[in-house]
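# Overview (structure and organization)
Letter by letter, the chains look like this.
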Amino acid sequence: VLYAGTFGRAQNLENALRAAELACSRGVSVSMTFVGAGVTREALVESARKKNLDVRFENRRSADDLAQYYQWADTALVHLTDWQALDRAVPSKTYELMSSGLHISGVVSGEAAEIIREQNAGHVVETENPQELAELWVSLARNRKRLTVSRQGARWAEKERRDEAPARFLRLIDWALA
């Protein structure tokens, strides 16, 4: 499992560590790499150590440098906590992962969850539910065909980047200048 992003309160990545611990208790070894930085990093490092989990922590990398991690990972974690304001948030990593074709383990709600589901980019579980995330990882480990995602998400992300985002930006500028 790869997580690349911010280690902050809005992500609550302790939930993912608890899920890895639960999956291990069910006989599935979960190897994780966390790439990034943030205020909860030291607490996560300590928690992973106490839980005796197979977790590697790496410093931030450029988007180009993440390619090696994408090749290593079976799934990438997009993870937000259960805050109502985050229902409208779509982590930018979601688009990047969809473009790469890497399966997404989404621990998100709202718009991000809808995008992952609708674009067949991976699987989504309820936020703040480490048991459900552990069950997903156990299921993926036991049926690796579930890790396959269609190119639909990559095509959609490219269309958003090429057509939709510039058009929205121009509308915003027009509105601001009006």
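Further up the page is the structure itself.
First, a word on scope: everything that follows refers to the structure included in this document.

### A short note on the pattern of salt bridges
Following the criterion strictly, the structure yields 8 salt bridges and no others. Between Arg49 and Glu46 there is a salt bridge, with its nearest N and O atoms 2.3 Å apart. On the criterion of helical spacing, the pair formed by Arg49 and Glu46 is a turn pair, its members being 3 residues apart in helix H2 (residues 41-50). Residues joined by salt bridges that share partners form a network here, namely Arg56, Glu58 and Arg61.

### Looking at the nonpolar core
Burial of nonpolar side chains together is a common tendency in soluble globular proteins. Ranked by internal contacts, the top residues of the largest apolar core, which has 29 residues, are Met32, Phe34, Leu77, Leu133 and Trp137. At the level of elements, helix H1 (14-25), strand S2 (31-37), H2, strand S3 (54-58) and helix H6 (130-142) are the ones that each hand at least two residues to this core. With near-sequence residues (within four places) excluded, Met32 lies in contact with Val1, Ala16, Leu17, Ala20, Asp54, Val55, Arg56, Trp72 and Trp137. Listed in part, the 25 residues of the second largest apolar core include Met98, Ile104, Ile116 and Val124.

### Some remarks on the packing of H1 against H6
Interhelical geometry of H1 versus H6 gives an angle of 55° and a closest axis separation of 8 Å. Put simply, H1 runs oblique to H6. Crossing of H1 against H6: the hand is right-handed. Contact residues: Asn15, Ala16, Arg18, Ala19, Ala20, Leu22 and Ala23 in H1; Pro130, Gln131, Leu133, Ala134, Trp137 and Val138 in H6.

### What to know about the side chain of Gln11
Relative to the elements of secondary structure, Gln11 occurs in the loop between strand S1 (2-6) and H1. In this structure Gln11 touches Tyr3, Thr6, His79, Leu80 and Thr81, once residues within four positions along its chain are discounted.

### Details of the packing of aromatic side chains
According to the stated counting rule, one finds 6 aromatic pairs in the structure shown. Look at Phe7 and Phe57: their rings are 6.3 Å apart centre to centre, the planes differ by 90°, and that puts the pair in the edge-to-face class. Here Phe57 lies in strand S3 and Phe7 lies in the loop between S1 and H1, a separation of 50 residues in the sequence. The burial state of Phe7 is the same as that of Phe57; both residues are buried. When the centroid spacing of 5.7 Å and the interplanar angle of 15° are considered together, the rings of Tyr95 and Trp156 count as stacked. Of this pair, Tyr95 sits in helix H4 (residues 92-100) while Trp156 sits in helix H7 (residues 152-177), placing them 61 residues apart in sequence. In this structure an aromatic cluster arises from ring pairing among Tyr3, Phe7, Phe34 and Phe57.

Cut-offs used in this document
- Residues numbered from 1 in each chain as written.
- Predicted model: local features only at pLDDT ≥ 70, side-chain atom pairs only at ≥ 80, totals over all residues.
- Heavy atoms only, no water.
- Salt bridge = Lys/Arg side-chain N within 4 Å of Asp/Glu carboxyl O.
- Helix = DSSP H or I, 4+ residues; strand = E, 2+ residues; numbered from the N terminus.
- Core = buried A, V, L, I, M, F, W, Y, C linked by side-chain atoms within 4.5 Å.
- Buried < 20%, exposed > 50% of the residue type's maximum accessible area, 1.4 Å probe, protein only.
- Contact = heavy atoms within 4.5 Å.
- Axes fitted to C-alpha atoms, helices over the stretch in contact; angles between N-to-C directions.
- Parallel < 35°, antiparallel > 145°, perpendicular 65-115°, else oblique.
- Left-handed = near helix turned anticlockwise from the far one by under 90°.
- Phe/Tyr/Trp six-rings, centres within 6.5 Å; stacked < 30°, edge-to-face > 60°.

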